[in-house]
Amino acid sequence: MDTGRKVRIGIGAVIIISGLVLHADWWIIGLLPFITGILNACPGGSCKVPEPKAGTRAPEITKELE
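Residues numbered from 1 in each chain as written. Predicted model: local features only at pLDDT ≥ 70, side-chain atom pairs only at ≥ 80, totals over all residues. Heavy atoms only, no water.

1. Examining the environment of Arg8
Examined against the element boundaries, Arg8 turns out to sit in helix α1 (residues 3-21). Along the backbone, Arg8 and Pro33 are 25 residues apart, and their C-alpha atoms lie at a distance of 5.0 Å. (Helix = DSSP H or I, 4+ residues; strand = E, 2+ residues; numbered from the N terminus.)

2. A look at the packing of α1 against helix α2 (residues 31-39)
The relative placement of two packed helices comes down to the angle between their axes together with the axis-to-axis distance. It is the contact of α1 with α2, at a shortest axis distance of 7 Å, that shows an interaxial angle of 145 degrees. In this structure, α1 meets α2 at a crossing whose hand is left-handed. On α2, the residues touching Arg5, Arg8, Ile9, Gly12, Ala13 and Ile16 of α1 are Leu31, Pro33, Phe34, Thr36, Gly37 and Ile38. Looking at the contact of α1 with α2, its residues break down into 7 nonpolar, 3 polar and 2 charged. (Axes fitted to C-alpha atoms, helices over the stretch in contact; angles between N-to-C directions. Left-handed = near helix turned anticlockwise from the far one by under 90°. Contact = heavy atoms within 4.5 Å. Nonpolar A, V, L, I, M, F, W, Y, C, P; charged D, E, K, R; others polar.)

3. Focus: α2
Among all positions of α2, only Pro33, Thr36 and Gly37 are buried. Taken end-on, α2 shows its buried residues confined to a sector of 100 degrees, consistent with a single buried face. Turning to α2, the residues buried within the fold contact α1. Positive phi shows up at Asn40, right after α2, with a value of about 55 degrees. (Buried < 20%, exposed > 50% of the residue type's maximum accessible area, 1.4 Å probe, protein only. Arc of directions from axis to C-beta.)

Right, here's the structure in full:
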C-alpha cells in the first residue's frame, strides 16, 4: 500500500470519527478520502503522483558559500 493511499484513509477516518464524536453533519465529507483510499481510486485520477524518470538526477548546486 502506497503512502498516498494510507494518508487518504487516515484523513478520511479522522474526519469521520471527529464529526461523529462532535455530532456534526460534516462527517460525511470524510467519506470521499476514506472510500478513495480503500478502493485505491481517485475521481479524475487526481491523486496519482508521477514517478521520476529513470536515469534523471537532481540538479547539482555549484555556487560556493561565501
